[in-house]
Structures are given as structure tokens and as C-alpha cells.
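For reference, the chains in residue letters:
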Amino acid sequence: MVRKLKKALSGIYVTLIGILLYAPILVLIILSFNDSRSRVTWGGFTLDWYARLFANSQIMDALWTTVLLALGSAVISVLIGVPGAIGIHAMSRRGYRAFMLLTNIPMLNADIVTGIALMLWFVHFLPLGFGSVLLAHITFNIPYVILSVMPRLQTMNISVYEATRDLGAGPVYSFFKVLLPQMAGGILSGFFMAFTMSMDDFVITYFTKGAGINTLSTMIYGQIRKGIKPELYALSTLIFIIVLIILTVFQFVSGRRERNKTYKERYNE
Amino acid sequence: MSECRLKKINRRSFLASPYALWIVGFTILPLIIIFKYALTDGAGAFTWDNLLSIFSDVHIKAFWFSIEIAAGCTIICILLAYPMVLAMKNLGLGRKGLSMFVIILPMWMNFILRILAWQMILSNNGILNFLLGKLGMGPVAIANTPAAIMVGVVYDYLPYMILPIFNAIMDIDEDLIEAARDLGAGGFTVFRRVIFPLSVPGLLSGIVMVFVPSMTSFVVSDILGGGKLQLIGNVIEQEFTVGYNWNVGSGLSVTLMIFVLISMMFTVKQKSEGKESVIW
């Protein structure tokens, strides 16, 4: 009886938090089908905004910039961050501590401070634009890569690598045969984390972008006063649905793998 | 294998050199530059004025308001997150990842749009008051108040509190809880003596991840505060985009940075010490 009541209360609470988390998303999805430019009146159902979205070159440009930035900064962050993590891992205790402290600075610092500091520095030698934003995104993304790779390095057995090297394998060969497979999970999650953080960033982009370019976030921010173009509701609904599908598939696949694993474990016993 | 040979094999630290260069170029130098702006006036002469400008009436008011919002937001997030994690555990939504998925998914919709949606929900003739009206309850005038800003920041940062607490609590060995029950502990005692202490590392990272951004954000207060309620983030942003006073803006940023680093140092120190005691 008490157990049942506890379950019911838990269910109600989770639902309430769920409503809190999803209410604004529902509002945005409804607005993307609203046949009216106004945000407060319902003018009937339409798919117009979806059709117009792809014809709106301004939005498509911003989308392209956003995706290119996210991909570029995530790839470069992995290329710098993974060797960085391996190097830091091999350092003395003091070097390790110093580097991890420096890695935590952009994570701990407020976005607004990071953004302003980078902007003040960039204006000395670089025109603000795509390049400066890319540099800024790489800067805040490398720590995410390092912090997701480092735990893997700490738990894996480095002696295997040392053994292969001792048996005559070159450093590059050993890296690809021994280190990389063990780090793959950490690298992948670091990459996706970096990609997400870059897609999601507003503040640092806002300060480092200059006048010429827009990402989706800065474009939306610029439209707050004049009114948001409804095409942007349509675009964010599409992005949301694409991510929903990707995550659902991922969930399904990893869930199945998990079940297979537990089945095998039981079978082996 | 000889020591010397092992040392040679393990000479990998140089791999961190590109990252070291990056840190110097894009973490340390920008910090030096912002300090330089903060400590000079428009003509380039040394001054403390920019750092001390935090104590001017407008600035100190915004600063206090930011601390209030951030502290309130952190506390509300903690109070919402613990029951949420425990309820998820009760419902057996733990390890399957589905619940994580439900919590992370909203973050994929652009956050400025989500805050704008809250503006539509909370405005005086918005969705919330429409629904309250249907239920026969009076309209609430929450739009453009600190309460609206609070709703916005809590909404925005709640997942960052739930996730680390969730991870910490789900990592607790179920046997420990069983043992406490067997020894006669009631539900609350189990929480107080077993679950909560073991969730502290998660709680601390949650606090860091919620307090700093909620204190320094300027978008949420801009949209939900109606432009009249200013957080320190709004003040700094305007020094750069409206006032074009980079020195004062830098001074305020440096003050903010020092405040944030000092207040978070304690939290992080606790956290890393906790971690190490687990490892060793």
C-alpha cells in the first residue's frame, strides 16, 4: 500500500517536472504550425513556414554557419585535445595538476568573461568573423574533449602500450592498435559534447563574431525586439525532431546491446 | 625492460605541446589583456577605478540582484532535483538511460527560443493566465518580475543539477541501501545517512554548473525581466554594446571573475578532495 502510494507520488512528480521541461517546447512546435505572424493569436494550421524556411537564404546561411562551426570546432578540438590528454597523462604529478587547472579555467569562468576576454584579444590581430568565432569555440571545446578522454586514460592499462613498444612496435602503430581503441568511447563522447556545446553557444559567439556573420543563436537574439520570424520556429522544430529520432535510434541500439550482454552473461554462468 | 628504455617509451608529454600553445594563446593571453583593460583608463594610464566601479549604486544593485537570483536558482534546483532523482529511482527509470534522454532532449531546442516561449507562457495575457482563468483563478502578474527571471533560470539550468545528482545516486551500491534498511533505517534515515552523503560529489558539480551561469546570464533577464531588471551580465554587456566603455566593462568582468572563482574554488576543492579519497 505504502509502496503503491510512493510509486503514484513519484509518477506525479516526474510528470510535473516533465511538463515544466516540455511546456515551452510544445509552445514552439505549435507556433511553427500557426498561420499568423503574431505570437499570441492562432490563425489556423499551416505548413507554410516549413516551405518558406528553405527559401530563406538568411536563415539557411546562419544554419550553415552554425553547423560548420560545430563540426569544425569539434574536429579540431579532438585533434588537439586527444594528444593533449595523452601528453598530460604522461606528465609528472605537478605538470598534470597545473594543466588540469588551466583546463578548468574556461569551464569555471563565466561565458561572458571568456567571450569578452577573447574578443579584446582578437581585435589586436584578427578581424572578427568566422575565424575568430571558430578559434573561440575550439578554446571552450578542448576542455570537454580532455575531460572526457582523461578518465579512460586513467582506467586503462598503460603497460599494454609499453609492452607493444618494447616488442618493437612503433609509437604510431601502437597508438592506433592499443591506445586508440581503448579511448574511442571517450573521444566520441568528447566529440559530441563539443559539437553540442558549439551548437548551443550564444554568449561567446555574440562577443567574438563581429558584424558580418550570424549563427542561429545570435540571429534569434537579434530578432527579439522586431519579432521572431516564424520560419525559425519551424527550423527549431525540425532540429528537435531530427535529434529526437537520432537519440531514439541510439537508445534502441544501445538498449538492445545491453540486453544481449546481460543475456550472454547469464548464459555463460 | 630497463628503466631507461621505459622512460624513452613513455616520453609522451610532448604530445601536449599543441594544447599548451593553445592555452597560452587563447586562455592566458586573453586573461592578461582583460586585466590590462580593467586596470587602465581610456588613455592607457593605470587606474583602480574600473575595478572599484562595481561599488557604484547601479552596479552594486545589479550585482546583489545577480547573487540573489543565482543563489535562489541554485537552491530551487537542488530542492527540485533530489525528489526528481529519487522519484525516477522509485519508478525504476534508473539505468535505462531513457530518463536521461528525456531530460537532455529539451536542451536541443535553441535556448533563446525556449526562453521566449516562457515569455509567452508567463505574459499577462499569456498561456498560464488563460489556463488559470479556465480554472476560475485570478490572473497572476508575473511577467517582467524577478519571479519570471527565476522561472527562466531554474528552467534553463535544472537539467545541469539533475544530471550529476542522478549519476551520483545511481552509482550507489543497492546493497548499501538494503543493508541500511535491514538494520532498521526508515526511508528518511536512509536518505540522510546513506544516499545524501554519497551524492555530495554530484551535488557539488551541480552547484558549480548552475550557480555560475545563472549569476552571469544576461539573455534570460533581458527577455523575462522586460529590460528593466538588470543582472550584472546585462550591465557588462551594455558597457560593450551600448556604452562602448571597454575599460569599465573589463573592470566589471574581472571583478565578476574573481568573485566567481573564489566562491567556486571552495566547492571544487571539496569535490576534488572527495574524488581523490575515492581513488586512493
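Just so we're clear, the structure is a prediction, and the values are computed from it rather than from any experiment. (Residues numbered from 1 in each chain as written. Chains lettered and ligands numbered in written order. Predicted model: local features only at pLDDT ≥ 70, side-chain atom pairs only at ≥ 80, totals over all residues. Heavy atoms only, no water.)

## Comments concerning the overall build of chain B
Broken down by element type, chain B carries 13 helices and zero strands. In chain B, the succession of α and β elements from N to C terminus is α-α-α-α-α-α-α-α-α-α-α-α-α. Its C-alpha atoms give chain B a radius of gyration of 24 Å, more than 25% over the compact-globule value 19 Å for 280 residues. In terms of overall dimensions, chain B has a C-alpha envelope of 80 × 70 × 30 Å along the principal axes. Relative to its full complement of 280 residues, chain B shows a buried share of 50%. The contacts in chain B between residues at least 6 apart in sequence include a share of 70% that link residues at least 24 apart. Here chain B contributes 19 positively and 17 negatively charged side chains, and the mean placements of these two sets differ by 8 Å. (Helix = DSSP H or I, 4+ residues; strand = E, 2+ residues; numbered from the N terminus. Rg over C-alpha atoms; globule rule 2.2 N^0.38 Å. Buried < 20%, exposed > 50% of the residue type's maximum accessible area, 1.4 Å probe, protein only. Contact = heavy atoms within 4.5 Å. Lys, Arg positive; Asp, Glu negative; His and termini not counted. Charge placed at Lys NZ, Arg CZ, Asp CG, Glu CD.)

## Digging into a positive patch on the surface
Taken together, the side chains of R3, K6 and K7 of chain A together with R181 of chain B define a basic patch exposed on the protein surface. For the positive patch, the element with the most residues is helix α1 (residues 2-32) of chain A, which contributes three residues. Along the chain, R3 of chain A turns up in helix α1. (Patch = residues over 30% accessible without salt bridge, like charges linked within 9 Å, V, L, I, M, F, W, Y side chains within 5 Å. Areas by Shrake-Rupley, 256 points an atom, 1.4 Å probe, with all protein chains shown as cover. Salt bridge = Lys/Arg side-chain N within 4 Å of Asp/Glu carboxyl O.)

## A short note on empty space enclosed by the protein
A water-sized probe rolled over the atoms picks out the places where empty space is left. Summed over the entire model, instances satisfying the criterion amount to four cavities of 30 Å³ or more. Lining of the largest cavity is provided by 20 residues; of these, M199, L216 and I239 of chain A together with W108 and N110 of chain B occupy positions nearest its centre. Class assignment of the residues belonging to the lining of the largest cavity gives a composition of eleven nonpolar, seven polar and two charged. Taken as a whole, the second largest cavity spans an internal volume of roughly 90 Å³. As for the second largest cavity, its lining consists of I105, P106, N109, T114, A117, L118 and T139 of chain A together with F26, T27, P30 and L31 of chain B. For the lining of the second largest cavity, the secondary structure elements donating two or more residues are α4 (93-108) and α5 (111-122) of chain A together with α2 (17-38) of chain B. (1 Å grid on protein atoms, 1.4 Å probe; cavity = no way out; pocket = protein on both sides within 12 Å on 5 of 7 lines; lining within 4 Å. Points joined across faces, edges and corners; volume = space filled by probe spheres on them. Nonpolar A, V, L, I, M, F, W, Y, C, P; charged D, E, K, R; others polar.)

## Looking at the domain arrangement of chain B
Residue and element names in this part refer to chain B. Splitting chain B by domain gives domain 1 (1-38) and domain 2 (54-279). A separation of 34 Å is found between the C-alpha centroids of domain 1 and domain 2. In this complex, domain 1 contributes five residues to the contact, which on the side of domain 2 involves seven residues. Carbon and sulfur atoms supply 80% of the area that domain 1 and domain 2 bury against each other, a total of about 560 Å² over both sides. Of all residues in domain 1, I34, F35 and Y37 bury the most surface against domain 2, accounting for 75% of the area lost on that side. Between domain 1 and domain 2 we count zero salt bridges in total. Viewed at the interface, domain 2 and domain 1 are joined by one residue pair in polar contact (both at pLDDT 80 or more). Broken down by class, the residue content of the side of domain 1 that touches domain 2 amounts to five nonpolar, no polar and no charged. (Domains from an automatic or database assignment. Buried area = accessible area lost by both parts, 1.4 Å probe. Polar contact = N/O pair within 3.5 Å; in protein donor to acceptor, adjacent residues only side chain to side chain.)

## A look at helix α4 (residues 57-90) of chain B
Given a rise of 1.5 Å per residue, 34 residues ought to cover 50 Å, and the 50 Å separating the end C-alpha atoms of α4 of chain B matches this to within 8%. Downstream of α4 of chain B by one or two residues, G92 of chain B has phi in the positive range, about 70 degrees. (Expected span 1.5 Å × (residues − 1).)

## With respect to the packing of aromatic side chains
Inspection of the entire model under this criterion finds 27 aromatic pairs over all chains. Within the aromatic cluster, the residues linked to one another by ring pairs are F202, Y206, F207 and Y221 of chain A together with Y37, F218, F240 and W246 of chain B. Over the aromatic face of Y37 of chain B sits the side chain of K36 of chain B, whose NZ or CZ is 5.6 Å from the ring centroid. (Phe/Tyr/Trp six-rings, centres within 6.5 Å; stacked < 30°, edge-to-face > 60°. Lys NZ or Arg CZ within 6 Å of the ring centre and 35° of its normal.)

## Side note on the pattern of salt bridges
Under the defined criterion, the tally for this structure stands at three salt bridges over all chains. Residues D222 of chain B and R225 of chain A are paired through a salt bridge, measuring 3.3 Å at the closest nitrogen-oxygen approach. Residue D222 of chain B is located in helix α11 (residues 219-224), and its partner R225 of chain A is located in the loop between α10 (216-223) and α11 (230-268); the two belong to separate chains. Exposure remark for D222 of chain B: the relative accessible area of 12% places this residue in the buried category. The exposure class assigned to R225 of chain A is exposed, which follows from its relative accessible area of 65%. The partner of K89 of chain B in a salt bridge is E174 of chain B, with the nearest N and O atoms 3.1 Å apart. On the criterion of sequence distance, the pair formed by K89 of chain B in helix α4 and E174 of chain B in helix α9 (residues 174-182) is long-range, its members being 85 residues apart.

## Describing the side chain of T27 of chain B
Considering the arrangement of structural elements, one finds T27 of chain B in helix α2. Beyond its immediate sequence surroundings of up to four residues, T27 of chain B is in contact with L102, I105, P106 and T139 of chain A together with W22 of chain B.

## Focus: the interface of chain A and chain B
Between chain A and chain B, the contact holds 83 residues from the first and 83 residues from the second. Of the roughly 7600 Å² buried at the junction of chain A and chain B (both faces included), carbon and sulfur atoms supply 76%. Counting the surface chain A buries against chain B, the share from its top three residues, L21, L108 and W121 of chain A, is 9%. On inspection of chain A and its partner chain B, the count reaches one salt bridge.

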